[in-house]
Amino acid sequence: MNKLRLVAGVLVLGLAAAGCGGAKVDDTSGAAPSSNASAGAGTAPAGTVKMAINGWVGYEASAAVVDYLLENKLNYKVEKVNLAEEPSWQGMESGSVDVVLENWGHDDLKKKYIEEKGVAVEAGSTGNKGVIGWYVPEWMVQKYPDITDYKNLNKYADLFKTSESDGKGQLLDGDPSFVTNDEALVKNLKLDYKVVYAGSEAALIKAAQQATQQQKPLLMYFYEPQWLFNQLKLVKINLPPYTDGCDADPKKVACDYPPYDLDKIVSKKFSETGGPAYELVKNFNWTNDAQNQVADDITNNGMTPEDAAKKWVEANPTVWQAWIPQ
Amino acid sequence: MVAAPADMASPVPVTARAQRFVRWLPAAVAVLVVALYVVFKNTAVLPHDDDASLFHWVNDARDWVDENRNTSPFFLFFVNYVRLGVAELFTLFQTALTALGWPGLVGVAAGLGWLAGGWRIAAVSVAAFAGIGVLGLWDASVDTLALTLSAVLLSLVIGIPIGVLAGRSPSVRRIVSPVLDVMQIMPTFSYLSPVVLLFLIGPASATIATMIYAIPPAIRITALAIERVSPTVVEASESLGATRWQTMRKVRLPMALNTITLGVNQTIAAALSMVPLVALIAAPGLGVDLIRALARVNVGAALVPGIGIVLIAIVLDRITRSAAVSRVRSRIVSWSGFAVLVVAGVALTPVLAPEFPEQWEIQIVRPINDVVNWIEGNWYGFTGFLNDTVAYGLLNPLQDVLTTAPWWLITLAVLAFAWRISGLRAGLIAAGCLVAIAALSLWEHSMETLTIVVVAAVITILAGALLGIGAARSRWFAAVLRPVLDAAQTMPSFSYLLPAVALFGNGRFTAIIASFIYAVPVVARLVEDGLRAVPGTVLEAARSAGSTDRQLLWKVQLPMARSSLLLAANQGIVMTLAMVVIGALVGAGALGYDVVAGISQQEDYGKGLVAGVALVLLGIMLDRITQGASGRLNPEKKRIA
């Protein structure tokens, strides 16, 4: 009875493992018990920080720097949780996320998770200024100077036709989880366009690069801060200007995106028990240029996020030293 | 020689006239459908409406759950406990596996391999786990292993008793079997939303979602094993005065154990295929790297965790597979070998440090990406041409037809088609699914998804059939093809999205390419097996009657392999649907996009959940249409496999 023996073997191991593992589960974090993970340093880490990583490289750049400082200056262990924006907020309720490092508005989520449920709190601005809009490559503006006014977009809809756009013009959006009013905008501004989702930031960037190199027409959703603006020029389309509250009803939006002051959100629990890690997150504040620099290193210079963060930290001690709690 | 389906053939002696009628009926129906389409085009279409009241109703239900998660007794005393319990189980596995350190874990794997199948399996285990370490995947792999093991453990704890019940009682089986059918057909994407609603995101939901996918084989194969225990042995045991429980424990279970172990094997395989998907709901592990690479359009970075999953799959597969084969070896040798390997591994942990040494890791991401970049840069014209040909030549026209035809006409056409292929019952179920989809207010998106699935399935089945025929006719070709197909089949389906994205950009064609790579191996294999199963004597007879090779294939082999061919089509279509849905992550849109958006945008939650239901219905419909082989000709097959 070979199988019985195998089963018994597994059980013996399971019990033994449970015996020696059980003692370590007592910390409240509930996951990743690798308390001996920072081997080499020889000291136990001060705690674990679960940081949500949303799907754009700018976020990753900020996270890399905070991660580097937490691990190397404050001796924390950082667990990165790759998630879309809204699930990250949910994660603060379920306990799988402590920190959202770059939040884009999301007033509805703030209302739900901060005011109503009380599971999250704001932790101040990142210093980054966010812009969302529709962009075309620069050569198109030279060729069709009036294209930057949204009222003229219908005139050029044929240029933007693709195999995926149902005979209309294509408006290329990013990841379905990104902040976007584009479907409502197309509808409410009566534009002869179809929103097509590329699926990710990288796909948008690739489309922009091809559109510039091969002079292919492209209208796409994009945003700042973004390293790509250092590499090629995109021109923003002028939508009806944003006024306070014009985007209150997501189905009826007919105006541009608001200027975003990107901010940090942390779970209530982390704000109470996070100690110096929470202080560092709260103090973290830098410029769009700084973020773009790190993001550029990660994307184009073949650096891992850790290496890129290390390079920035070593070059800018005065900036980050102000974030370290006394 | 058109074989009329049993349901349509009249029981009275068939006159020549009736025969002609039967022969012409399909063509007549087809003409009728086309005529109706021309007349009724653009009437009774169901355009998509994001604001359907059903979606709002689901959103309200979600809000209710969100508000009452910590007050309603259903959550307080049931759901939340389940969540906590499952999370504890995962943490336990994770803690244990991490505490072993890498040498310990390799030692344990070697020990279990030795116990199950001797030194060969032990060596495979060591090599594969070492490979994972060398690829720099150790930590993520431990998380994946912990999640997989928790899900498999739960599947077995729940699945084996249900399987035993189903194996003993035909009435239980009648209830369980259709439920399992649906569980296996439905695209895995569709149940992420409800699972997340109940259990929030995190490892607990991930384990439960994995379990839902992994439990059907555990139940099915256990039931089969129990059913097949020789009745004479059972009778002998009963006549000796054994109670039912004794018979179960001492006779049935031990005799069924080999087969049940194979069930474990299948359960593990199913669980591993969920690894990438559950990363979307905050499960740690290799899936995270895959999804991340997908967002970065980084082929190399996606391939590496894919290989990691394959290596884990190989180890678990070989151990369970060889455990299912009886082998005679002295008990002392087995156990002492096991003990030596485990102790050696664990003892090495403090010496070698629990984390896999970084200097042993090798980097293969860059060379892979260099190749991809080269192809991208040089084949641009060709890939763009392919994409546009399929999009403008096949996808758009078909989508136009499906979205401008009245919904009742499509339903009738599907009814007629399924009736012709698989019988009236299947036809009615398929048509019923379509009516339900119309009621879900997701008709247009469903037709878009159906378009992609049909095009992908046709391409896949044609190519698979060609490969299968080639392999069946030439041993040399079969020998070359087999390892390629084996490799393609074991890689997680997500890994295929990446090369497809890199080559063809984002869109429907990319999803088609990915599902092609995913489903072709299965189709080719089923076709090859079906053709090889045609008895040699029949071929001999046909040859001696003067058939050419070509006649042999078309008049003898293919007709005789009809049921395998239909099964191949069935599997090809179901797998294609699963992959096309995942294609939403790379811009394939339609229902899959609704599901993705539902997970990540709260106002789209209702639409996403309903889209999941529509996907299940679409899956059932496609399965019923092509069920002819397994359902009608061989009623046993579906129940067993």
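- Where an unreviewed UniProt entry is consulted, chain B appears under the name Glycine/betaine ABC transporter permease, with the organism given as Planotetraspora kaengkrachanensis.
- Quoted verbatim from the Sequence similarities (unreviewed entry) field of the UniProt record, the comment on chain B reads "Belongs to the binding-protein-dependent transport system permease family."

- Chain A carries the name Glycine/betaine-binding protein in an unreviewed UniProt entry, which gives Planotetraspora kaengkrachanensis as its organism.

1. Brief notes about the UniProt feature "domain: ABC transmembrane type-1" (unreviewed entry) in chain B
Move 1: Mapped onto the present numbering, the UniProt feature "domain: ABC transmembrane type-1" (unreviewed entry) falls at residues 141-320 and 446-626 of chain B.
Move 2: Along residues 141-320 of chain B one finds 86% helix and 0% strand; the C-alpha atoms at either end are 19 Å apart.

2. Focus on the environment of Ala 463 of chain B
Residues and elements named next belong to chain B.
Move 1: For Ala 463, the location among the structural elements is in helix 19 (residues 443-473).
Move 2: Classification of Ala 463 by C-beta neighbours within 10 Å gives partly exposed; the count is 16.
Move 3: Remark: the alpha-carbon pair of Ala 463 and Val 523, spanning 60 residues in sequence, is separated by 8.6 Å.

3. Quick notes on the environment of Tyr 113 of chain A
Residues and elements named next belong to chain A.
Move 1: You can see Tyr 113 is positioned in helix 4 (residues 107-116).
Move 2: Along the backbone, Tyr 113 and Met 92 are 21 residues apart, and their C-alpha atoms lie at a distance of 8.5 Å.
Move 3: Setting aside chain neighbours within four positions, we find Tyr 113 in contact with Trp 89, Met 92, Glu 93, Val 119 and Ala 120.

4. Brief notes about the domain arrangement of chain A
Residue and element names in this part refer to chain A.
Move 1: The domains assigned to chain A are domain 1 (43-128 + 261-321) and domain 2 (130-260).
Move 2: Computed from C-alpha atoms alone, the centre-to-centre distance between domain 1 and domain 2 is 28 Å.
Move 3: Contacts between domain 1 and domain 2 engage 18 residues on the former and 13 residues on the latter.
Move 4: Elements supplying a minimum of two residues to the side of domain 1 that touches domain 2: helix 2 (57-72), helix 3 (85-94), strand 9 (260-267) and helix 10 (288-300).
Move 5: Per element, the largest residue contribution to the side of domain 1 that touches domain 2 is six residues, and it comes from helix 10.
Move 6: Looking at side-chain class alone, the side of domain 1 that touches domain 2 contains six nonpolar, eight polar and four charged residues.

Rules behind the numbers
Residues numbered from 1 in each chain as written. Chains lettered and ligands numbered in written order. Predicted model: local features only at pLDDT ≥ 70, side-chain atom pairs only at ≥ 80, totals over all residues. UniProt positions renumbered as here; feature names shortened; annotations may be inferred. Helix = DSSP H or I, 4+ residues; strand = E, 2+ residues; numbered from the N terminus. Buried ≥ 20, exposed ≤ 12 C-beta atoms within 10 Å, placed from the backbone. Contact = placed C-beta atoms within 7 Å. Domains from an automatic or database assignment. Nonpolar A, V, L, I, M, F, W, Y, C, P; charged D, E, K, R; others polar.

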